[in-house]
Amino acid sequence: GENVEQHPSTLSVQEGDSAVIKCTYSDSASNYFPWYKQELGKRPQLIIDIRSNVGEKKDQRIAVTLNKTAKHFSLHITETQPEDSAVYFCAAPQRGSQGNLIFGKGTKLSVKP
Amino acid sequence: GAGVSQSPSNKVTEKGKDVELRCDPISGHTALYWYRQSLGQGLEFLIYFQGNSAPDKSGLPSDRFSAERTGGSVSTLTIQRTQQEDSAVYLCASSSYRGGYGYTFGSGTRLTVV
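Keep in mind that this is a model prediction, so the values were computed, not measured.

Colleague: If you had to explain the confidence of the model for chain A to someone new, which residues and values would you point to?
Modeller: Per-residue confidence for chain A gives a mean pLDDT of 93; residues scoring 70 or more make up 98%. Taking the mean pLDDT of every element in chain A, the minimum, 92, falls on strand β10 (residues 101-103) of chain A and the maximum, 98, on strand β2 (residues 10-14) of chain A.

This is how it looks when you write it as structure tokens:
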């Protein structure tokens, strides 16, 4: 089945700096890659996603890039703010399934004011 | 409903007891998923429903775990003879699409086995 690896597990940045989180996946047939943000004690929420027919997608300060050849995708957050502090999860569809996602282990991002 | 609703929000149970966790998905969402999140860990897939059927039960960790969905809506996850290692947050998500698109998560049930 699909395997998703996420790095780093923790990331600390100064307010205003950029943050990058990387994920690799194993199934070359995967075609959808979402990112979820989970604030402490709250539910995971979808913040951005990308499909395999594009290489980059941007939404204000957040962007996701996809390299299908290398089977990796990354989340980029620019001009970080304290409210960006959370755990971020990447995901990819499980091979052979009709819909469940396999999630990475998560990255705890801390933005220091 | 407006979102995915899970109940109870917190459950403390004694080791060996059975528990039932409930998920009420967004109205019209045909796909429903259960995940488990242990303290500081990622999201472990448990089971997926499309309508009332569960084509993929591979994620259930043992035969003490079972789940059902009735009327294409509410789902219950049952854990029999609970163990301390079952302590975790159990998250439910629903979607109107296949392929992993458009998950909306509930707030979860925090299960503590003492």
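Colleague: Account for the sheet that holds strand β3 (residues 19-24) of chain B, with residues named and values stated.
Modeller: All names here are of chain B. Taken in spatial order, the 4 strands line up as β1-β3-β8-β7 in an open sheet, and their pairing is antiparallel. Strands at the two margins of the open sheet, each flanked by one partner only, are β1 (5-7) and β7 (65-69). The sheet shows a mean angle of 15 degrees between the axes of neighbouring strands, taken without regard to direction. Note that β7 and strand β8 (residues 75-79) share 5 bridges and pair antiparallel.

Colleague: Talk me through the sheet that holds strand β6 (residues 56-59) of chain A; I want residue IDs and the actual numbers.
Modeller: Residues and elements named next belong to chain A. In space, the 5 strands of this open sheet follow the order β1-β3-β8-β7-β6, with antiparallel pairing throughout. With partners counted over all chains shown, the strands left at the sheet margins are β1 (4-7) and β6, one partner each. Adjacent strand axes in the sheet meet at a mean angle of 15 degrees, parallel and antiparallel pairs treated alike. In this structure, β1 lies alongside strand β3 (residues 19-25), joined through 4 bridges in antiparallel fashion. Directly across from Val4, in β3, lies its bridge partner Tyr25.

Colleague: An account of the pairing of strand β7 (residues 62-67) of chain A is needed here, citing residue identities and associated values.
Modeller: All names here are of chain A. In the sheet, β6 pairs with β7 via 4 bridges, with the strands oriented antiparallel. Each bridged residue has a counterpart across the sheet, and for Glu56 the counterpart in β7 is Thr65. Relative to strand β8 (residues 72-77), β7 is paired through 6 bridges, and the arrangement is antiparallel. Within β8, the residue paired with Ala63 across the bridge is His76. A loop of 4 residues connects β7 with β8, the two strands running antiparallel in sequence, and Lys71 in this loop sits at a positive phi of about 55 degrees.

Colleague: Could you give me a rundown of the state of the cysteines, with the residues and numbers involved?
Modeller: All names here are of chain B. In this structure the tally under the stated criterion is 2 disulfides over all chains. Between the sulfur atoms of Cys23 and its disulfide partner Cys92 the distance amounts to 1.9 Å. Torsion about the S-S bond of the Cys23 and Cys92 cystine: about -65 degrees, corresponding to left-handed handedness. Of this pair, Cys23 sits in strand β3 while Cys92 is found in strand β9 (residues 88-95), placing the two residues 69 residues apart along the sequence.

Colleague: So what's going on with the interface of chain A and chain B? Which residues, and what values?
Modeller: Counting residues at the interface gives 18 residues for chain A and 22 residues for chain B. In total, chain A and chain B occlude about 1,700 Å² of area from one another, counting both sides; carbon and sulfur atoms represent 51% of this. Viewed at the interface, chain B and chain A are joined by 5 residue pairs in polar contact (both at pLDDT 80 or more). Within the residue set of the side of chain A that touches chain B, elements represented by two or more residues are β4 (32-38), β9 (86-93) and β10 of chain A. Sorting elements by how many residues they give to the side of chain A that touches chain B places β4 of chain A first, with 3 residues. Of the residues that constitute the side of chain A that touches chain B, the class distribution is 7 nonpolar, 8 polar and 3 charged.

Colleague: Which residues make up the environment of Gln60 of chain A, and what are the values?
Modeller: Along the chain, Gln60 of chain A falls in the loop between β6 and β7. Sequence-wise, Gln60 of chain A and Thr78 of chain A are 18 residues apart; in three dimensions their C-alpha atoms are separated by 8.9 Å.

Cut-off values and rules
- Residues numbered from 1 in each chain as written.
- Chains lettered and ligands numbered in written order.
- Predicted model: local features only at pLDDT ≥ 70, side-chain atom pairs only at ≥ 80, totals over all residues.
- Heavy atoms only, no water.
- pLDDT = per-residue confidence, 0-100.
- Helix = DSSP H or I, 4+ residues; strand = E, 2+ residues; numbered from the N terminus.
- Pairing = 2+ DSSP bridges.
- Axes fitted to C-alpha atoms, helices over the stretch in contact; angles between N-to-C directions.
- Disulfide = S-S within 2.5 Å.
- Contact = heavy atoms within 4.5 Å.
- Buried area = accessible area lost by both parts, 1.4 Å probe.
- Polar contact = N/O pair within 3.5 Å; in protein donor to acceptor, adjacent residues only side chain to side chain.
- Nonpolar A, V, L, I, M, F, W, Y, C, P; charged D, E, K, R; others polar.

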